[in-house]
Every structure is written in C-alpha cells, then in structure tokens.
Amino acid sequence: MPTPLEPSPLEQYIAPAGERHGLWRLVAGVVLILAGWFLWTVLVMAAYVLYRMVTDPPMERALEALGELVNAGGPASVLFQLTTFAGIWPATWAVLKLLHRQRFATLFSPEGGVRWRDFLGGLVLAAAFSAATLTAALVTVGMPERTELAAETWLMWLVPLALLVFLQASGEEMIFRGYMLQRLAARFRAPLIWAGAPALLFGFAHYSGGDKLGISWHYVVVTAAFGLAAAALVWRTGSLAVAMGLHTGMNLFAIAGLGVKGVLEGTQLFLYEESKAALLFTVDGIATLVILAFVLSPLCPFGARRAAA
C-alpha cells in the first residue's frame, strides 16, 4: 500500500485550529482580542494616573502627567507605550480557550510552544538585513544624527526595552500570522487569502504611524510587505518562531538603534531628519521585498520540523 504523504509544514501548523474556524468565530475573535487589548491599555493608564494621584495629587495634575508621559518622548515614554501591547497576550489566550477550545501554545507551533532556536534564527536574519538596510541608508541618505541620549542611559534601558519589544512584536505576530493565518488557512487554500489578507490588514493597522511625516502610505506598503515575508516564514517552517524573531529584531533595531524623528523616538542612539523619511521608507521597502524573495528562495536556511506525535 502507498505510504500517505507527510503533511506539509503549513498543514501541521493549522491542524490545531480543529473544526472551530468559521468566519464568524474569526471576526468575533479579532474583535474580542482588540477589545481586551484596549481594556489592558485603559488599565495601564488608570494605574499610572492612580499612582500619580497618590504621589502628587490632585487628579488634574495626574492626568497632565499621563499626557506628558505619552507625548514627551524619552525612554520612559516609549516603554510605557510598549507596555500596552502586553494586553494582546492574555486576550489571545482567552479567545483561543473560550471561543475555539484550542491550546494557546499551539498558536506558536503544532507541538505547542515556541521553537527558541528558530526564534534566534529570526533574530540573526533581522540583524543581517538591518545591517544591509543601514548600509543602503548610509549610501543613499547619508549619516544620521547622534541623539542626546547618553550611552549609559541607553544601556540601562536596553534590557526592559528588548523585553517589551519582544512582547509587542510577538503579540502582533500572534494576531496576524498566528490567530488569523491559522483560521484562514484552515478554511481557504489560496495564499492570497491566508497570507495576503492578514498582511494587508497588518499594513493598514500601521497607517497612522507616519501620518505626521506624510509617509503613512509608505508605512502601509512596507509593513504589508513584511507581513507577506512573515507569512512565508510560517508557511516554510510550520511555526511562528522565526517570524517572531525577525519582527522582534527589526523592531528593536528601529526603536533602540536607528530611527526617524517623529516616529516613536526617544530610545534610539541615531535619528534621521523627518525630511529623509520618504527616502528611508523606500529603502526599507526594497529591503523588505528582498527578505520576502530570500524566504521564498532555495537559499533560505529555515526548514520544517516534524511535529511531535
């Protein structure tokens, strides 16, 4: 008798989605995750206001302090904003458990849990392409400016910053390349749907990120292209780990290393002027398409791993 074909990496990855992958569940799940994320953000802000009311009343002064923390810039402001992304984790856990009867750990891999070696591989990939992007930026745009952030202050904040960037980037991967991709791929075979739709939504979710600089559409295109590259990594490996590592590494480079004035600044050592933003995002977009081509090519070192029986 012929031996049954081994399931593809993608088939292994979407198997834990089971039968509870109707479109109404997907829509309801996304709404509930966003609601939980919003609730967590409100709680974080309320906790800070309460702390300020205790240490420096009255409430009006505490609310002013919250506004200053969010808008003033600096390491504390950036870390505070990143803290709000931690709410994605418990919200996604609750939706999987209550709406889909699925183990949270199977959102990362079919055997349950993060493949940390693959995650480190994603960090290495991010470092390689960040170096290439930096080289291209130096050639086409020129040298960035050194910020006023002292090196010792930067080092003091680096560990908590890296942890929060991990929570933020991996949380986004859980929604778009985990939760949404699993459910869409379990229902539709066309990559245009299970990879393209989450990538497009991911891009539009970043629309306002460059609004002040007039580069919102550049931001949408670059992040959508990254979404396709991350989905290709899930397709190739049958796991979320490499995409999580790539996203974490690239965001950490942008938030802690080299950024653009007006885009989540406050923790970078180097910044480019706002006038260079459009050209920089063009360079970044080209680099992201190179990542996508690399992931889809035979040169990509990341392969599938058999799920545990």
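This text goes with the structure placed above it.
Please read all numbers here as calculations on a predicted model, not as lab measurements.

So, on to the overall build of the protein. Along the protein, the regular secondary structure elements total twelve helices and three strands. The C-alpha atoms of the protein give a radius of gyration of 20 Å, which matches the 19 Å a tight globule of 309 residues would have. Each principal axis of the C-alpha atoms in the protein carries an extent, and together these give about 75 × 50 × 35 Å. Counting across all 309 residues of the protein, residues that qualify as buried make up 49%. Taking the contacts inside the protein whose residues are at least 6 apart along the sequence as the reference set, 76% of them involve residues at least 24 apart.

Before going further, it helps to examine the packing of helix H7 (residues 151–187) against helix H10 (residues 216–237). Where H7 contacts H10, the two axes come as close as 11 Å, and the packing angle between them is 55°. By the angle between their axes, H7 is oblique relative to H10. Like other packed secondary-structure pairs, H7 and H10 cross with a definite hand, here right-handed. Residues Glu173, Arg177 and Leu181 of H7 pack against Phe226, Gly227, Ala230, Ala231 and Val234 of H10. For the contact of H7 with H10, a count of residues per class yields five nonpolar, one polar and two charged.

Phi at Arg101 takes a positive value of approximately 55°, unusual for a residue other than glycine. Here Arg101 lies in the loop between helix H5 (88–100) and helix H6 (116–140). Judged by relative accessible area, which is 57%, Arg101 ranks as exposed.

Let us now look at the sheet that holds strand S1 (residues 145–146). In space, the three strands of this open sheet follow the order S1-S3-S2, with mixed pairing throughout. Of all strands in the sheet, those with a lone pairing partner are S1 and strand S2 (258–260), marking the two edges. Pairing geometry for S1 and strand S3 (residues 270–272), over two bridges, is antiparallel. Note that in S3 the partner of Glu145 across the bridge is Leu271. Relative to the sheet, helix H11 (residues 241–257) contacts S2 and S3, its axis offset from that of S2 by approximately 75°.

Aromatic ring pairs are reported here in terms of the distance separating the ring centres and the angle at which the planes meet. Considering all chains together, one arrives at 14 aromatic pairs under this definition. Geometrically, the ring pair formed by Trp116 and Phe119 is edge-to-face, given 5.5 Å between the ring centres and 75° between the ring planes. Highlighted residues: Trp116 and Phe119, both in helix H6, separated by three residues, approximately one helical turn. Of the aromatic side chains, those joined through ring pairs into one cluster are Trp89, Phe104, Phe108, Trp116, Phe119 and Phe166.

Quick look at the nonpolar core now. Counting residues in each nonpolar core, the largest one holds 50 residues, and the members touching the most others are Met174, Tyr179, Leu181 and Leu246. Mapped by element, the contributors of at least two residues to this core are helix H1 (9–14), helix H2 (23–55), H5, H6, H7, H10, H11 and helix H12 (277–296). Take this core: its biggest share by element is nine residues, from H7. Contact partners of Met174, with chain neighbours within four places excluded, come to Ile88, Trp89, Thr92, Phe104, Leu107, Phe108, Tyr179 and Leu240.

With that settled, the discussion passes to H2. One full turn of an α-helix is made of 3.6 residues, so residues set three or four places apart face in the same direction. In a regular helix each residue adds 1.5 Å, so 33 residues correspond to 48 Å; H2 covers 48 Å between its end C-alpha atoms and thus fits that length. Among the residues of H2, those classed as buried are Arg25, Leu26, Gly29, Ile33, Thr41, Val44, Tyr48 and Val49. Looking at the buried side of H2, the elements it contacts are helix H3 (59–71), helix H4 (75–83), H5 and H7.

Definitions and limits used
Throughout, a residue's number is its position along its own chain's written sequence, starting from 1. Note on the predicted model: pLDDT of at least 70 is required for a residue's local features to be given, and 80 or more for side-chain atom pairs to be given and counted; whole-chain, interface and lining totals, by contrast, use all residues. The side-chain values count all of the structure's non-hydrogen atoms but skip hydrogen atoms and water molecules. Put simply, DSSP H or I for four residues or longer makes a helix, DSSP E for two residues or longer makes a strand, and each gets a number counted from the N terminus. With the radius of gyration taken over C-alpha atoms, the globule rule is written as 2.2 Å times the number of residues to the power 0.38. Whether a residue is buried, partly exposed or exposed follows from its accessible area with a 1.4 Å probe, protein chains only, as a fraction of its type maximum: under 20%, in between, or over 50%, in that order. A contact between two residues is defined here by any heavy atoms of the two lying within 4.5 Å. Note on geometry: axes are lines fitted to C-alpha atoms, helical ones only across the stretch in contact, with angles between N-to-C directions running from 0 to 180 degrees. When an angle is under 35 degrees it counts as roughly parallel; over 145 it counts as roughly antiparallel; between 65 and 115 it counts as roughly perpendicular; any other value is oblique. Crossing handedness: left-handed means the near helix sits turned counterclockwise from the far one by under a right angle, and right-handed means the same turn made clockwise. Following the grouping adopted for this structure description, the nonpolar residues are Ala, Val, Leu, Ile, Met, Phe, Trp, Tyr, Cys and Pro, the charged ones are Asp, Glu, Lys and Arg, and the polar ones are all others, Gly among them. A pair of strands counts as paired when DSSP detects no fewer than two bridges linking them. Only centres within 6.5 Å qualify two rings of Phe, Tyr or Trp (six-membered ring in Trp) as a pair; their planes then separate them into stacked at under 30 degrees, edge-to-face at over 60, and tilted for everything else. Put simply, a nonpolar core is a bunch of buried Ala, Val, Leu, Ile, Met, Phe, Trp, Tyr and Cys residues held in one set by side-chain atoms that sit within 4.5 Å of each other. Here a helix's expected span is defined as the number of its residues, less one, multiplied by 1.5 Å.

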